[in-house]
Amino acid sequence: MRRYTVYLGSVAFGTMLSLGASAMLTAAPAPVRHAAGMLTLTLDPASQTLRTLSPAAEPAFDFVPSGRAATRKGDGFNQIGDLHLRVRSAGGTWRDFSSAQHRVPVRALAAGGTVIARADMTATMGAGFPLTVERTWLRERGTPVLRFTLVNRGTTPVEVGALGMPMVFDNIITDRSLEQAHAQASFVDPYIGNDAGYLQVTRLNGKGPALLVVPDGRTPLEQYRILDDARRTGAGSVFTDRTPRQQTFEGFYDWMVASAAMADKGQPWNPATGFTLAPGERRTFGVRLVTAPSIRAIEPTLQAERRPVAIGFPGYVVPTDSPADLFVRAAQPVRDVAVTPADALTLTRVAGPAGWNRWRVTGTGWGRARVAITYADGSVQSVHYYVTKPLAQVAADLGRFSTTRQWFDDAADPFHRAPAILTYDREANRIVTQDQRVWIAGMSDEGGGGAWVAATMKQLDHPDAGEVAKLEQMVDETVLGRLQMASGGVKKSLFYYDPKAFGSYYDKGIDWSTWASWDRKQADDLGRSYNYPHVAIGHWVLYRLARHHAGLVTRHDWRFYLAMAARTTVAMMRDAPHYAQFGQMEGEIFVEILTDLKREGLTDDAREVEGLMKARADHWRTLAYPFGSEMAWDSTGQPEVYAWMRYFDHPREAAVTREVILGYDPTIPHWGYNGNARRYWDFLYGGKVKRIERQIHHYGSALNAVPLFDAYRRDPADLHLLRVAYGGFMGGITNVDREGFASAAFHSEPDMMRWDAYTGDYGMGYFGHAYAAATYLVQDPTFGWLGFGGIVREDGGAIAIEPRDGARTRLFIAPARQWITLAAGKIARARWLPATRRIELTLDPATATTPTAHLSVEAPAGGAAYAIDKGVEERGFTTVALSSTATTLTLSPR
């Protein structure tokens, strides 16, 4: 049983008993509700920290964790209005101070007019604090403002090396059902943009209003730093919080105005700074709390607040063969633009729409890059980019690395894992043949299946005969009969811990006593449904390659692989029904398998699969938020739930799912957070460094892009959907290094700021990337013609686009509302002719393995049906014979 100490004000409950009954009967003053524009707030009477913050229109909803007040009261629990500082005098040692560490009542000062509350909070900062600090809550321009003023009243300068304002919002899912969490909790995403930085606080259900925390005056968001779990850091640390961090609670963060003294080892997002207060000098900083009516209205709200707004198209990941555009709107003129490293990017000014600065952004290096925009008033906005190789080259690197460096062919392996593609440790530069978490070395689970799923999905759009041969060998000799039973069931791991049988094999430096070191019985269990999509992908990709290409697949024909894909689908429902009630990561694979069963006329198999899937969908329709998983909350199941809601024509449920995704998947001018579907616990299960930590581009980024792409194609006016989707789609490619190693995710905490050394569960994200790879031609009323995944140019009366999405097999022409996909063949370029509403599509010449193109055209947004001027209709495709030169097709409205 958990034991808690209950705190009243700053005195422990047990101590209060000794003060006598009269002290216990003295009631604390009731908090006063204050209205400030579209928000209402209450403050704690003793500390003047924020107690509640609600939209005026929804007073029952609270952005801060007021419902946890009983367990989050007293020393060590941060609230909005607290302050963390690391300071030193005259070159002495750094000392840390926190208003939350040991609660002392603040000294209230006179308030009135626009001032809601004012206090001298110096006493609560701790003994020996060399400054004074005054905190003010006020109403200004219809919004609440929190403002701090530091004053050096001493006789010697005081250097401030770190200054953080705790940002405590209700992102706690502990002890809440999914319905409660979606109704009551919020997620916070940072734009670590220095003077232009802000936080967006979005409700889990995706509904408005959203809350924006923006700087008041010169208050840069230099760093967004986790408040460590006080239970794990030990005595003495003040940059902590006592709320236990776990899978149901990511943690709270500090808005760091200064961070130079934090001595972090990782390369920070922004240069770390500090400042010195001379005797008699003061500095004021703070934040404004602003509501946006919806998530999609965040950028217009920032503009209305006269905040600098940066919008990158198609995003902030820039392949060297595909320039991007950066649009910036600000109240101040731009004085300077600088790139770090200087050789990473080239920015060229081009004409932009009225009121917007525009630059063409060309990648010239590789890896992280920071664009610093300095305005006339000296303020600096940071926009964070990542430069990659051309996407086709990234895919080639990944395929080569995974089928060579990760190729495991030890015939003497006691666990019969050879031949296979196994997890890789980039720090040690070797295959991981054993790990305490046995699945990581066992080819299953996400942490163990990720490596070979990525290698398999690479072949979907970039088949290489040698790599395909290895995948066939792996599926035929290791997956079938070892990882997968003849009945279709899939084991949890091929590797396991059995010291009696293989005592000499196991590394004695590893702790094998934990729950994660499964024995053989546990490893052989067939009951984890999440393992089934991985195996189904292996069969389905080989089916597609065998069906649509010549000579690539040789061990079995297409019928065999499609039948095995169907068998795997059915087995999941039979052998793993508990977790199959939830959406699965990569669950879109089951939609594809069903579609192909129907296309091939395999009616009985199709009927069985469809019936099983419909039962799942019908169950989900009975739930308000059908997004459960093994975890209390997850961003795993939403994509498959959305896919089946669309398949079975349930638009309302699909819309709910879409909006929920937008609640945890933002668009932000930062490659790491743009399209970064929230995940913070999977380093525990698939990473080398095991800890709770906000993960940058875990597999959820690319997976959650898939339903948002589909939603955009159904509603091309909603550009927000495409921007978030493309951010996740491209974010997932940054995990691949220059040689082709793919990391599970990026460690966002300042002590690391680097990619994890394990491949882990990356492959699930590469499924989403390869599955969704496409080019989008868009005409925006403000920004004009845009290419997401392609280079656009105006060509007389036509708009031409050249795909650079890496796959070149899918194209959406938004003005025509036409979705063009190729199961075989490559799109070289396309032209949209607005006057006649025709599309001219040019395909690559034939190759030895792709003599024909297999093309389909759909109108998901309800546009006109289009006809193709060449080819033969078969199995739902238009088959077009390719020649030794490019082939041009014309698509016209019927």
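Residues numbered from 1 in each chain as written. Predicted model: local features only at pLDDT ≥ 70, side-chain atom pairs only at ≥ 80, totals over all residues. Heavy atoms only, no water.

A.B. asks: Quick rundown of the overall build of the protein? Include the residues and the values.
C.D. replies: Each helix and strand in the protein was counted, giving 21 helices and 48 strands. In terms of C-alpha radius of gyration, the protein reaches 28 Å, essentially the compact-globule figure of 29 Å for 894 residues. Reported as C-alpha extents along the three principal axes, the dimensions of the protein are approximately 85 × 75 × 50 Å. Taken over 894 residues, the protein has a buried fraction of 61%. For the protein, the share of sequence-separated contacts (at least 6 apart) that also reach a separation of at least 24 residues comes to 68%. Surface summary for the protein: the accessible area is close to 31,300 Å², and the carbon and sulfur share equals 52%. The averaged location of the 93 negative side-chain charges in the protein is 4 Å from the averaged location of its 97 positive side-chain charges. (Helix = DSSP H or I, 4+ residues; strand = E, 2+ residues; numbered from the N terminus. Rg over C-alpha atoms; globule rule 2.2 N^0.38 Å. Buried < 20%, exposed > 50% of the residue type's maximum accessible area, 1.4 Å probe, protein only. Contact = heavy atoms within 4.5 Å. Areas by Shrake-Rupley, 256 points an atom, 1.4 Å probe, with all protein chains shown as cover. Lys, Arg positive; Asp, Glu negative; His and termini not counted. Charge placed at Lys NZ, Arg CZ, Asp CG, Glu CD.)

A.B. asks: Help me get a handle on the packing of aromatic side chains, residues and values and all.
C.D. replies: Overall, the coordinates contain 62 aromatic pairs when judged by the stated rule. A centroid spacing of 5.1 Å and a plane angle of 85 degrees characterise the contact between Phe401 and Tyr424, whose relative ring orientation is edge-to-face. On the criterion of sequence distance, the pair formed by Phe401 in helix α6 (residues 391–404) and Tyr424 in strand β32 (residues 424–425) is long-range, its members being 23 residues apart. Judged on exposure class, the residue Phe401 and its partner Tyr424 are both buried. What links up through ring pairs into an aromatic cluster is the set Phe313, Phe327, Trp356, Phe709, Tyr712, Tyr726, Phe729, Tyr776, Phe783, Phe788, Phe812 and Trp819. For Arg203, the ring lying beneath its charged end belongs to Phe61, and the centroid distance is 4.2 Å. Taking the ring centre of Phe275 as reference, the NZ or CZ of Arg283 above it sits at 4.4 Å. (Phe/Tyr/Trp six-rings, centres within 6.5 Å; stacked < 30°, edge-to-face > 60°. Lys NZ or Arg CZ within 6 Å of the ring centre and 35° of its normal.)

A.B. asks: Explain the packing of helix α11 (residues 532–548) against helix α12 (residues 558–575) residue by residue, including any values.
C.D. replies: One way to put it is that α11 packs onto α12 with a least axis distance of 7 Å and a crossing angle of 160 degrees. With respect to their mutual orientation, α11 and α12 come out roughly antiparallel. Like other packed secondary-structure pairs, α11 and α12 cross with a definite hand, here left-handed. Of the residues in α12, those in contact with Tyr532, Val535, Ala536, His539, Trp540, Leu542, Tyr543, Ala546 and Arg547 of α11 are Trp558, Tyr561, Leu562, Met564, Ala565, Thr568, Ala571, Met572 and Asp575. Classifying every residue of the contact of α11 with α12 gives 14 nonpolar, 2 polar and 2 charged. (Axes fitted to C-alpha atoms, helices over the stretch in contact; angles between N-to-C directions. Parallel < 35°, antiparallel > 145°, perpendicular 65-115°, else oblique. Left-handed = near helix turned anticlockwise from the far one by under 90°. Nonpolar A, V, L, I, M, F, W, Y, C, P; charged D, E, K, R; others polar.)

A.B. asks: Could you give an account of the sheet that holds strand β28 (residues 367–375), naming the residues involved and the relevant values?
C.D. replies: Each strand in a sheet pairs with its neighbour through backbone hydrogen bonds, running either in the same direction (parallel) or in the opposite one (antiparallel). Spatially, the 4 strands line up as an open sheet ordered β23-β29-β28-β25, and their pairing is mixed. This sheet does not close on itself; its edge strands, each paired only once, are β23 (317–319) and β25 (334–340). This sheet shows a mean twist of 25 degrees between the axes of neighbouring strands, independent of strand direction. Strand direction decides the pairing type here: β23 and strand β29 (residues 380–388), joined by 3 bridges, are parallel. Across the sheet, the residue bridging to Pro319 is Thr388, located in β29. (Pairing = 2+ DSSP bridges.)

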